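# Topology and contacts: notes
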Amino acid sequence: MADRPRTLGELHASGYRDEAVKDEMRRNVTSRLAEGKELFPGIIGYDDTAIPQIVNAILSRHDIILLGLRGQAKTRIIRGLAQFLDDEVPVIEGSEVNDHPYHPISLFGAELVREHGDDTPIDWIPRNAR
């Protein structure tokens, strides 16, 4: 989005809501289910077994552990979970740990927000950088 907020104040004013990763994934899975989109393209043979269980775990906001022998698509499934993250999320500009502007966890992020308040610069990172 070209006109996305560039400061903490603009982010607040935009109405952006912070969301837990499990809630974000649930929202995106629910949206894809409503659109009838395939959730795990390229994964064959698990449509009636593992995939429904993984979808139920995401919808229930549960943790997921994948167990199985080599060659059973565990890595491919884990990599596929990233598609359920938002395209971009805001971070404090210059933060090495990608501090969220609303909840910085590093000393750098916390001090920047304390010093600059609503003028704290933010950046947006793509899902593959999370």
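In this report, we go over the structure that sits alongside the text. (Residues numbered from 1 in each chain as written. Predicted model: local features only at pLDDT ≥ 70, side-chain atom pairs only at ≥ 80, totals over all residues. Heavy atoms only, no water.)

### Considerations on the overall build of the chain
This is how the line gets drawn: Each helix is a run of DSSP H or I of at least 4 residues and each strand a run of E of at least 2, with the numbering of both proceeding from the N terminus. Within these notes, the globule rule equals 2.2 Å times the number of residues to the 0.38 power, and the radius of gyration is based on C-alpha atoms. The buried label applies to any residue whose accessible area, calculated with a 1.4 Å probe on protein chains only, is under 20% of its type's maximum; exposed applies above 50%, and partly exposed to all values in between. For accessible areas, the Shrake-Rupley method is used with a probe of radius 1.4 Å. Any residue's cover is judged against the shown protein chains and nothing else. When charges are tallied, Lys and Arg are placed among the positive residues and Asp and Glu among the negative ones, while His and the ends of the chain are skipped. Charge coordinates come from a single atom per side chain, which is NZ of Lys, CZ of Arg, CG of Asp or CD of Glu.
Of regular secondary structure, the chain possesses 5 helices and 2 strands. In terms of overall dimensions, the chain is more spread out than a globule: its C-alpha atoms have a radius of gyration of 18 Å, far above the 14 Å expected for 130 residues. Its C-alpha atoms put the chain at 55 × 30 × 25 Å along the principal axes. Here the chain holds 130 residues, and the buried ones make up 32% of them. Within the structure as shown, the chain displays about 8,600 Å² of accessible surface, and the carbon and sulfur contribution to it stands at 51%. The averaged location of the 22 negative side-chain charges in the chain is 9 Å from the averaged location of its 16 positive side-chain charges.

### Considerations on the pairing of strand 1 (residues 88–92)
In summary, the side chains of a regular strand alternate between the two faces of the sheet. In plain terms, the rule: In this description, strands pair whenever DSSP reports at least two bridges between them.
Burial runs high along strand 1: 4 of the 5 residues are buried. Direction of pairing for strand 1 relative to strand 2 (residues 122–126): antiparallel, over a ladder of 5 bridges. Residue pairing across strands places Val89 opposite Ile125, the latter belonging to strand 2.

### Digging into the side chain of Glu24
We count it as follows: Polar contacts, as used here, are pairs of N or O atoms within 3.5 Å; protein pairs need one atom able to donate a hydrogen and one able to accept it. Residues neighboring in sequence count only if both atoms are side-chain atoms. In what follows, residue pairs with any heavy atoms lying within 4.5 Å of each other are defined as contacts.
Within the secondary structure layout, Glu24 lies in helix 2 (residues 21–35). Reaching out from Glu24, the side chain makes a polar contact with the backbone nitrogen of Asp86 at a distance of 2.5 Å. What Glu24 contacts, discounting residues up to four positions off in sequence, is Glu19, Phe84, Leu85, Asp86 and Arg130.

### Description of the packing of aromatic side chains
Put simply, the rule is: Pairing of aromatic rings covers Phe, Tyr and the six-membered ring of Trp, with a centre-to-centre limit of 6.5 Å; geometry is then stacked below 30 degrees between planes, edge-to-face above 60, and tilted otherwise.
One pass over the structure, following the stated rule, counts 3 aromatic pairs. Seen from their ring centres, Tyr16 and Trp124 are 5.9 Å apart, and the 90° between their planes marks the pair as edge-to-face. Of the two residues, Tyr16 sits in the loop between helix 1 (8–14) and helix 2 while Trp124 sits in strand 2, which places them 108 residues apart along the sequence. Residue Tyr16 is classed as partly exposed on the basis of its relative accessible area of 25%. A network of ring pairs unites the aromatic residues Tyr16, Tyr102 and Trp124 as a single cluster.

### So, unusual backbone geometry
A positive phi is found at Ala73, a non-glycine position, where the angle reads about 70°. The residue Ala73 is located in the loop between helix 3 (50–59) and helix 4 (74–81) in this model. When its relative accessible area of 24% is taken as the criterion, Ala73 is described as partly exposed. Despite not being glycine, Asn98 has its phi angle at roughly 55°, a positive value. Structurally, the position occupied by Asn98 is in the loop between strand 1 and helix 5 (107–116).

### Let's talk about helix 4
Heads up, the rule is: When we speak of the arc, we mean the arc of directions from the helix axis to the C-beta atoms.
Listed as buried for helix 4 are Ile77, Gly80 and Leu81. The buried residues of helix 4 occupy an angular sector of 105° when the element is viewed end-on, so they sit on one face. Relative to its buried face, helix 4 has exposed residues pointing more than 90 degrees away, namely Arg76 and Arg79. On its buried face, helix 4 sits against helix 2 and helix 3.

Remember, this is a structural readout, not a statement about activity or role.
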